[in-house]
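# Structural features, examined
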Amino acid sequence: MTAQQDADAPAHPRYAVVGAGPAGIYATQGLLTTTPEARVDLIERLPAPFGLIRYGVAPDHGRIKNVIRALEPVLQDPRVRLLANVEFGRDVGLAELRSSYDAVVVATGALRDRPLPVPGAELDGVHSGADFVSWYAGHPDGPTEWPLAARSVAVVGMGNVAVDVARILAKSSGELRSTDMPVQVLAALANSAVEDVHVFGRRGPAQAKFSPLELRELSESTTFDVIVDPADLLDDPVTRAAREASKITDQVVRTVESYAARPPHGRGRRLFLHFWEAPAAVLGSESVVGLRTERTVLDNDGNAVGTGQLTDWPVQAVYPAIGYRSDAAPGLPFDTEHAVVPNVQGRVDGLPDVYVTGWLRRGPVGLIGQTRSDAAEVVASIAADRTAGVWTATSGVDLVDTLAARGHGVVTWSGWELIDDLEQRLGLAQGRERCKVTDRAELLATAGVHRAAPLTIC
Ligand SMILES: Cc1cc2nc3c(=O)[nH]c(=O)nc-3n(C[C@H](O)[C@H](O)[C@H](O)COP(=O)(O)OP(=O)(O)OC[C@H]3O[C@@H](n4cnc5c(N)ncnc54)[C@H](O)[C@@H]3O)c2cc1C
């Protein structure tokens with residue numbers, strides 16, 4: 001770095017961070033730590049911040065949801081402005097952000113999931129796992145109603161999201177009453193016809209992506225038994241090697257073994273974990289009447305290959321939960337195969353003042369904690385580029401003024417505090433910590449953005 005380059009670095013850099021999920025908030029925190037004189041505008045599409053911590057993490061995982069409390073001080077920092085209810089690509093574009101800010105960090109995450117690539121996936125009764133999550137988490141753009149008439153359901157996938165979906169389907173509404181679930185969700189779950197939930201994975205317990213804690217937690221429900229066929233447990237060299245190589249894998253396999261060894265308690269509902277069964281087709285003419293799976297074995301590369309042995313499972317609903325997928329971010333290059341923005345250490349290809357972090361950067365895998373380490377790397381790239389003077393001068397236009405001139409209602413931190421306060425009061429009235437407000441108009445009215453009176457329905 002030359003003295004000239006250092007002198008060219010903006011004295012009070014102004015950053016736009018797009019997406020107020022954990023990745024965007026950790027990036028904001030990192031930017032302020034490395035450059036205390038910086039100012040950050042955090043732009044969020046929804047009226048509420050916190051991304052998938054609020055709208056993905058399961059309602060009965062209160063401890064994890066409490067990460068929100070740890071992130072709040074970042075948004076309360078006077079150097080940060082939360083600009084929620086502002087959609088990147090619709091209310092503000094990349095060119096506008098690049099001209100108003102020294103650098104732009106895009107952290108728009110992922111909301112959709114990957115469709116099931118088998119015949120029959122279009123049938124009535126095949127439900128997106130991500131939509132189900134959005135429904136029970138009260139996402140303002142999610143479904144407002146959910147069909148729960150199926151007595152037997154299949155959940156496809158062997159990761160934590162599949163376990164969340166299966167657990168919420170199998171639990172009684174009574175077990176969920178103390179969570180922040182919207183009342184209409186609790187009411188619908190109370191009338192659910194579900195009796196059996198079948199979770200299918202195309203590989204074995206040693207290859208499943210569950211976290212041991214999530215898997216163990218299944219045994220704590222008083223509503224359902226967890227059932228594993230002992231025939232699904234293999235003590236082969238591949239499984240042994242995987243267990244020796246990873247403590248986590250060993251814990252997962254041990255837990256699965258304990259389920260296989262346990263006689264059912266007769267709790268009512270049943271949650272089956274089926275390993276070595278790859279979905280081959282969803283059966284039915286208009287709506288789902290079954291799921292056909294093919295027994296698998298591992299080949300020498302560890303891939304599941306079909307054995308030709310087919311089984312038809314009589315289920316009336318199928319929930320694929322085989323991974324999320326980011327959407328392209330407007331104006332940024334996009335690798336459609338991997339559904340990520342191509343980047344080097346967070347620097348977006350061809351856009352010298354644009355950076356990417358979180359799930360949009362590395363794909364929708366990993367826990368909240370990983371978005372923190374991700375942000376650290378991106379923030380280091382930004383700090384290096386700032387001192388190297390690679391950015392062009394900004395127009396000095398304040399986005400808040402621009403949005404106000406356009407008559408666009410912005411939810412600020414104090415607006416969010418009003419929503420937060422209402423949700424807690426509604427929760428208190430029902431003997432729980434919070435009851436989530438789901439309706440966008442009501443959220444905006446509560447935040448003081450629209451004048452309509454709040455409906456106070458949660
Ligand atoms: C169902 C589910 C359960 C999970 N459970 C856990 C768990 O128990 N523990 C754990 O550690 N991790 C869990 N995770 C993973 C965790 O949620 C992710 O690691 C993390 O949320 C990714 O952070 P992110 O900021 O990249 O994306 P997100 O959390 O998706 O945040 C992206 C933000 O960008 C906003 N946005 C999107 N588009 C725009 C736009 N155009 N303009 C402005 N804003 C926009 C979104 O509204 C959102 O607020 C779970 C994930 C899912 C899907």
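Computed from a predicted structure; not experimentally measured.

## A word on helix H17 (residues 413-429)
Over its 17 residues, H17 extends 24 Å from the first C-alpha to the last, a length consistent with the 24 Å expected when each residue adds 1.5 Å. Here H17 has its buried residues at Trp413, Gly415, Trp416, Ile419, Asp420, Leu422, Glu423, Leu426 and Gly427. Close packing links the buried residues of H17 with helix H3 (51-55), helix H5 (67-76), strand E3 (80-84) and helix H18 (440-446).

## A look at the layout of surface pockets
One simple way to see leftover space: roll a probe sized like a water molecule over the atoms. One number sums up the size of the second largest pocket: a volume of about 400 Å³. Lining the second largest pocket are 19 residues, with Gly62, Lys65, Asp180, Glu433 and Arg434 positioned closest to its centre. Listing elements by their share of the lining of the second largest pocket, those giving two or more residues are H3, helix H4 (62-65), H5 and H17. In the lining of the second largest pocket, the residues fall into 4 nonpolar, 5 polar and 10 charged.

## Considering the site of the ligand
Taken together, 31 residues form the shell around the ligand, and within it Ala23, Glu44, Leu52, Phe88 and Trp359 come nearest. Gly366 places a main-chain nitrogen or oxygen 3.0 Å from an oxygen atom of the ligand. Listing elements by their share of the shell around the ligand, those giving two or more residues are helix H2 (22-34), strand E2 (39-44), H3, helix H8 (160-170) and helix H15 (368-388). Per-class residue counts for the shell around the ligand are 18 nonpolar, 9 polar and 4 charged.

## Observations regarding the nonpolar core
Counting 49 residues, the largest nonpolar core has Tyr136, Val155, Val197 and Tyr319 as the members making the most contacts within it. At 7 residues, the largest contribution of residues to this core is made by H8. Tyr15, Ile25, Tyr26 and Val74 belong to the second largest nonpolar core, which has 44 residues in total.

Cut-offs applied
By convention here, each chain's residues receive numbers from 1 onward along its written sequence. Residue-level local features of this predicted model are given only where pLDDT is at least 70; pairs of side-chain atoms are given and counted only at 80 or more, and the full residue set underlies all totals for whole chains, interfaces and linings. Side-chain metrics rest on all non-hydrogen atoms present in the structure, leaving aside hydrogens and water. Strands here mean DSSP runs of E at least two residues long; helices mean DSSP runs of H or I at least four residues long; both are numbered from the N terminus. Expected span of a helix, by definition, is 1.5 Å for each gap between consecutive residues, and there is one gap fewer than residues. Buried residues are those whose accessible area, probed at 1.4 Å on protein chains only, stays under 20% of the maximum for their type, while exposed residues exceed 50% and partly exposed ones sit between those limits. Here, residues are in contact when the closest pair of their heavy atoms is within 4.5 Å. A 1.4 Å probe that fits into a set of points on a 1 Å grid over the protein atoms alone but cannot get out defines a cavity; an open set with protein on both sides within 12 Å along at least five of seven lines defines a pocket, and lining residues are those with an atom within 4 Å of a point. Grid points are joined across faces, edges and corners, and a volume is the space filled by probe spheres set on the points. Three categories are distinguished: nonpolar for Ala, Val, Leu, Ile, Met, Phe, Trp, Tyr, Cys and Pro, charged for Asp, Glu, Lys and Arg, and polar for the others, with Gly belonging to the last. To be near a molecule or strand, a residue needs just one of its heavy atoms within 4 Å of it. For the purposes of these results, a polar contact is taken to be a pair of N or O atoms within 3.5 Å, where, inside protein, one atom must be able to donate a hydrogen and its partner to accept one; residues adjacent in sequence count only when each atom of the pair is a side-chain atom. Think of a nonpolar core as a cluster: buried Ala, Val, Leu, Ile, Met, Phe, Trp, Tyr and Cys residues, connected wherever their side-chain atoms sit within 4.5 Å.

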